[in-house]
Amino acid sequence: MKNNKWGYSGNTAPEYWEKLLDEFKDCGGTKQSPINISKSIKKNSLTKIEFWTGIANIRKQNSDNFHVYFVENSHKLKLDDKEYELIQFHFHTGSEHTVNNHQAKMEIHFVHQSEDNNLLVIGVFAELGEKNKTLSDVFLMANHIQLELKELLPKDRSYYTYSGSLTTPPCTEGIKWVVFKKSISIDRLTLQKWEKLLKNNFRPPLAVNGRKIFFKPDI
Ligand SMILES: [Zn+2]
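**Overview of the pattern of salt bridges**
For the structure shown, the criterion picks out 7 salt bridges. Across the salt bridge formed by Arg59 and Glu72, the nearest N and O atoms sit 2.6 Å from each other. Of the two residues, Arg59 is situated in strand β3 (residues 55-62) and Glu72 in the loop between β4 (67-71) and β5 (76-79); the sequence distance between them amounts to 13 residues. By relative accessible area, which is 45% here, Glu72 ends up partly exposed. Here Lys176 and Asp80 are joined by a salt bridge, their closest N and O atoms 3.9 Å apart. Placement of the pair is Lys176 in strand β13 (residues 173-180) and Asp80 in the loop between β5 and β6 (82-92), with a sequence separation of 96 residues. Taken together, the shared-partner salt bridges connect Glu148, Lys150 and Glu151 into one network.

Written out as structure tokens, the structure reads:
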């Protein structure tokens, strides 16, 4: 994601990404992310996600539009009998996905990869409320930190899922998305720090184009 070729404002803003470079042409595709989630199909038969547990060793890497947090020890999750390794996570202010046109204050993306190179991204919204100590610890960290990432997940694990893309160039499609319905909370001071650091690093929602969005209640 390190680059000077694309950004979030001016003549490298998201609406121009597909034209900036040949290798970014997928950004003009029909199955792009993020999307606005309005109509979804409830499907109780979808499986629960078995999340990673334990302490993560995290290393920070800065780039122009992002601070990326690489997870250096094994953090596997299981969905539909398939295992995905957590590679990195990062933050967008405000959220990229919207629900009924509501944009959350922040969205965390946990990027996972399976052994056969399929990508799964988990999106978690954060809204103003109580302080989440882990969110401020991540903000304040130097190059390394150890913490429990499950503190960045909502307790209610109801989720939406659909097929989309990376939300940054090259906007590769065929990415499995899981977006939690419930948000975690962030206090105003910590949010203001994140917003100052990241500015508006979100891509606005793209057309759904007939894709099905499924909803799995946490029951
Ligand atoms: Zn992201």
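Text resumes after the structure shown.
**Description of the pairing of strand β12 (residues 159-165)**
With 6 of 7 residues buried, β12 lies mostly within the body of the structure. Strand direction decides the pairing type here: β12 and β13, joined by 7 bridges, are antiparallel. Paired with Ser165 across the strands is Glu173, a residue of β13. Of the pairings in the sheet, the one linking β12 to strand β15 (residues 214-216) comprises 3 bridges and is antiparallel in character. Counterpart to Thr161 in the pairing with β15 is Phe214.

Scoring rules and cut-offs
- Residues numbered from 1 in each chain as written.
- Predicted model: local features only at pLDDT ≥ 70, side-chain atom pairs only at ≥ 80, totals over all residues.
- Heavy atoms only, no water.
- Salt bridge = Lys/Arg side-chain N within 4 Å of Asp/Glu carboxyl O.
- Helix = DSSP H or I, 4+ residues; strand = E, 2+ residues; numbered from the N terminus.
- Buried < 20%, exposed > 50% of the residue type's maximum accessible area, 1.4 Å probe, protein only.
- Pairing = 2+ DSSP bridges.

Any functional reading would require information beyond the geometric quantities listed.
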